Amino acid sequence: MTQEINQIWVYLSASPLLGLTVTLLAYQGAFWIYQRSGCNPLANPVLIAVSVLVLFLTLTATSYETYFAGAQFVHFLLGPATVALAIPLYMQLKRVRSMLLPVVAGLLAGSLTAIASAVLVARLFDASTSTQLSLAPKSVTTPIAMGIAERIGGIPSLTAVLVIVTGILGAVGARTVFDAMQVRDPAIRGFAIGIASHGIGTARAFQVSEQSGAFAALAMGMNGALTALLVPGVAGWLIVI
Amino acid sequence: MLSALTQLLLFQLAGEVIARGLALPIPGPVLGMLFLFVALVIKGGPDKELQGTGLTLLQHLSLLFVPAGTGIMVHLHRVADEWLPLLLSLLISTLATLVVTALVMKLCQRTPATGEAS
């Protein structure tokens, strides 16, 4: 009996089915907890799902590569989902037009702050150069950030993790920060969270309101493009000085 | 759903081809988003199917970050070695970015030049 179970496990753990199924299960469980908590930002579904999965993979001695062979099907959907962000953006076109100046100014200021402060703080606390470079694109969405990290000599898979943590921090903390600053406009709240914490922040913003979500999507898209342009120059310069 | 998914993939493909072909620093999916946006403006909005599928996909956006996030298990060593600079950098930088972006936008919105002062 034990041997049979063992054989089934050997087969399953080598097939993509398991990685894909546990990802969906962990996320649905995490989302259920998130909803039960009244959408409390501390119960962030990505945070819970990732913790559960790391625990599961460690306990079953499954490598990340084996897991990712299945989970890549979910990961792949980031591409079409990024394209789909054009839809809520279009639906908010009127509001975006009326806020052109704040949007452009917020984008420039936020994008530079995200890159420079991440690199400088890490440097101040003696992080290695490759860690500093991996941190530079941490505020943009995973596929973009990984591409940037690769080009400037960071570690793409480390960047992916830093991006996710940044997203969770923003999604968890934004409400408190905005309330303390007395920023109430859902457009500004959404845009700032999109700049600071990309897709995870955007996902959170959509759960709060459609308008916040659309502005977060706009910010995430624009910041992805701008950061790709800025990081090679800015991060290179910050590391040399 | 099928035609909507095909449309999204086609726009992504166009974005990838052009970004790589012209060696642009902008990632393919972001360019694809830009193309779809322009197409929506020209067409005057998404069809029902595209809107439904697109918004469903975005509703579960957080799920799509889970596989990459689980990659933290590969980097536990580096994270353990450099946890203090990493933690402080992420915390301070995320907070600073939220505050600076919101503040700059608030200030710009008050400028009479926008004509949208509230």
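Residues numbered from 1 in each chain as written. Chains lettered and ligands numbered in written order. Predicted model: local features only at pLDDT ≥ 70, side-chain atom pairs only at ≥ 80, totals over all residues.

**Some words on the overall build of chain A**
Then comes step 1: Looking only at helices and strands, chain A has 13 helices and zero strands in total.
Then comes step 2: The N-to-C order of helical and strand elements in chain A reads α-α-α-α-α-α-α-α-α-α-α-α-α.
Then comes step 3: In terms of its C-alpha atoms, chain A occupies a principal-axis envelope of roughly 70 × 45 × 30 Å.
Then comes step 4: Across the 241 residues in chain A, those meeting the buried criterion constitute 53%.
Then comes step 5: Considering only residue pairs separated by 6 or more positions, chain A has 66% of its internal contacts joining residues 24 or more positions apart. (Helix = DSSP H or I, 4+ residues; strand = E, 2+ residues; numbered from the N terminus. Buried ≥ 20, exposed ≤ 12 C-beta atoms within 10 Å, placed from the backbone. Contact = placed C-beta atoms within 7 Å.)

**As for the overall build of chain B**
Then comes step 1: When helices and strands are tallied, chain B shows six helices and zero strands.
Then comes step 2: Walking chain B from its N terminus toward its C terminus, one meets helices and strands in the order α-α-α-α-α-α.
Then comes step 3: In terms of overall dimensions, chain B is more spread out than a globule: its C-alpha atoms have a radius of gyration of 20 Å, far above the 13 Å expected for 118 residues.
Then comes step 4: Counting only C-alpha atoms and orienting by the principal axes, one finds that chain B spans roughly 50 × 50 × 30 Å.
Then comes step 5: Going through the 118 residues of chain B one by one, you find that 43% of them count as buried.
Then comes step 6: Pairs at least 24 residues apart make up 30% of the contacts formed inside chain B by residues separated by at least 6 positions. (Rg over C-alpha atoms; globule rule 2.2 N^0.38 Å.)

**Points about the domain arrangement of chain B**
Then comes step 1: Split into domains, chain B comes out as domain 1 (1-59) and domain 2 (69-118).
Then comes step 2: When each unit is reduced to the centre of its C-alpha atoms, the spacing between domain 1 of chain B and domain 2 of chain B is 27 Å. (Domains from an automatic or database assignment.)

**Looking at the interface of chain B and chain A**
Then comes step 1: At the junction of the two partners, chain B supplies 67 residues and chain A supplies 91 residues.
Then comes step 2: Of all the secondary structure elements, the ones that give two or more residues to the side of chain B that touches chain A are helix H1 (2-21), helix H2 (28-43), helix H3 (48-59), helix H4 (66-70) and helix H6 (83-110) of chain B.
Then comes step 3: Broken down by element, the residue count for the side of chain B that touches chain A peaks at 23 residues, all from H6 of chain B.
Then comes step 4: Considered class by class, the residues forming the side of chain B that touches chain A number 45 nonpolar, 18 polar and four charged. (Nonpolar A, V, L, I, M, F, W, Y, C, P; charged D, E, K, R; others polar.)

**Notes on the domain arrangement of chain A**
When the parts of a complex come together, some accessible area is lost, and that lost area is often taken as the interface size.
Residue and element names in this part refer to chain A.
Then comes step 1: When the domains of chain A are assigned, the result is domain 1 (2-76) and domain 2 (82-240).
Then comes step 2: Taken together, the six residues of domain 1 in the interface contact nine residues of domain 2.
Then comes step 3: Here the residues of the side of domain 1 that touches domain 2 sort into five nonpolar, one polar and no charged.

**So, the packing of helix H11 (residues 156-181) of chain A against H6 of chain B**
Then comes step 1: For the pair H11 of chain A and H6 of chain B, interaxial distance at closest approach is 9 Å and the crossing angle is 45 degrees. When the interaxial angle is binned, H11 of chain A and H6 of chain B end up oblique. As for how H11 of chain A packs across H6 of chain B, the hand of that crossing is right-handed. Along its contact with H11 of chain A, which presents Leu162, Val165, Thr166, Leu169, Gly170, Gly173, Ala174, Val177, Phe178 and Met181 of chain A, the element H6 of chain B presents Leu90, Leu91, Thr94, Leu95, Leu98, Val99 and Ala102 of chain B.
Then comes step 2: In terms of residue class, the contact of H11 of chain A with H6 of chain B is built from 13 nonpolar, four polar and no charged. (Axes fitted to C-alpha atoms, helices over the stretch in contact; angles between N-to-C directions. Parallel < 35°, antiparallel > 145°, perpendicular 65-115°, else oblique. Left-handed = near helix turned anticlockwise from the far one by under 90°.)

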